[in-house]
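A closer look at the structure
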Amino acid sequence: MAANGPAGNTCNMLQFMKLIGQLKRVPRTGWVYRNVKQPESVSDHMYRMSMMAFTITDRNINRDRCMKLALVHDMAECIVGDIAPADNISKAEKHRREKEAMKHLTGLLQEGMRKEIYDLWSEYEEQSSPEAKLVKELDQLEMILQAHEYEQLEQTPGRLQEFFDSTQGRFHHPEVLQLLKSLNEERAGHIATGSKDSQTTDSQCDRPAGTS
């Protein structure tokens, strides 16, 4: 529970920001287990997800809510770490740990903000809204985009195929499907040519705008 008074609120907010800052130093476990050099952090992942949400044009979707969901969905990992399937921790136990972490984190905030952030996290966990479902798709899309980029950086086309396999059938939103199509086409070209340099491939999306 947040302490009363301006001084208590400020101290709690400082502690909250320090905990959130840990996300910059928590590497994404999946990449660590695949021996990716200099793997991205959880906050790296959430930032690009938030930008993906920012660019959604679907008027039936609350874009601002999607951005907020993207910013909070992995927040608990600043305390519990990035728990991956390979860790052999059940979904129920993972949820329990993250729920405790979110209660601690949001307990440092004033009541209105505390409720908003915790409710957003719960909404994503429960997949209880169209926005939460879309952000889950963005989570998966960001992951495989990052996998593709690591394959390019390492000059190992196709090495991280298991990440793509894990997302089969999980994309449904038209805008996500369009991005997925472009990503798959670009990656297929790199794999087919065994490209050592993403800049030398003949992918439409690799070319500067306005060129053909």
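Description of the structure in this document. (Residues numbered from 1 in each chain as written. Predicted model: local features only at pLDDT ≥ 70, side-chain atom pairs only at ≥ 80, totals over all residues. Heavy atoms only, no water.)

Let's shift gears to the packing of helix α4 (residues 63-72) against helix α8 (residues 130-154). The N-to-C vectors of α4 and α8 enclose an angle of 55°; their axes lie 9 Å apart at closest approach. By the angle class used here, α4 and α8 are oblique. For the crossing formed where α4 meets α8, the hand is right-handed. Residue-level inspection shows Arg65, Cys66, Leu69 and Ala70 of α4 in contact with α8, the latter providing Glu131, Ala132, Leu134 and Val135. Among the residues forming the contact of α4 with α8, the class breakdown is six nonpolar, no polar and two charged. (Axes fitted to C-alpha atoms, helices over the stretch in contact; angles between N-to-C directions. Helix = DSSP H or I, 4+ residues; strand = E, 2+ residues; numbered from the N terminus. Parallel < 35°, antiparallel > 145°, perpendicular 65-115°, else oblique. Left-handed = near helix turned anticlockwise from the far one by under 90°. Contact = heavy atoms within 4.5 Å. Nonpolar A, V, L, I, M, F, W, Y, C, P; charged D, E, K, R; others polar.)

Grouped burial of nonpolar side chains is what soluble globular proteins tend to show. Among the nonpolar cores identified, the biggest contains 45 residues, and Trp31, Met102, Leu141 and Ile144 are the most heavily contacted of them. Contributions of two or more residues to this core are made by α3 (42-54), α4, α6 (91-106), α7 (111-126), α8, α9 (161-165) and α10 (174-193). Examining the composition of this core, we find that nine residues originate from one element, α8, more than from any other. What Met102 contacts, discounting residues up to four positions off in sequence, is Met75, Ala76, Gly107, Ile117, Tyr118 and Trp121. (Core = buried A, V, L, I, M, F, W, Y, C linked by side-chain atoms within 4.5 Å. Buried < 20%, exposed > 50% of the residue type's maximum accessible area, 1.4 Å probe, protein only.)

Peptide bonds are mostly trans, and most non-glycine residues show a negative phi. One non-glycine residue, Gln127, adopts positive backbone phi at about 50°. Tracing the backbone shows Gln127 in the loop between α7 and α8. A positive phi is found at Gln155, a non-glycine position, where the angle reads about 60°.

You can see Arg34 is positioned in the loop between α2 (29-33) and α3. Spatially, the C-alpha atoms of Arg34 and Leu160 are 8.2 Å apart, while their sequence positions differ by 126 residues. Once residues within four sequence positions are removed from consideration, Arg34 is found in contact with Arg159, Leu160, Glu162 and Phe163.

The tally for this structure, following the rule as stated, stands at 15 salt bridges. Between Lys115 and Asp119 there is a salt bridge; the shortest N-O distance is 2.5 Å. Note that Lys115 and Asp119 are positioned in helix α7 at a spacing of four residues, about one turn of the helix. The class of Lys115 is exposed, set by a relative accessible area of 54%. The network of salt bridges with shared partners includes Glu93, Arg96, Arg97 and Glu100. (Salt bridge = Lys/Arg side-chain N within 4 Å of Asp/Glu carboxyl O.)

Its place among the elements puts Thr167 in the loop between α9 and α10. Looking at Thr167, the relative accessible area reads 3%, which means it is buried. Leave out the neighbours within four places in its chain, and Thr167 touches Gln140, Met143 and Ile144.

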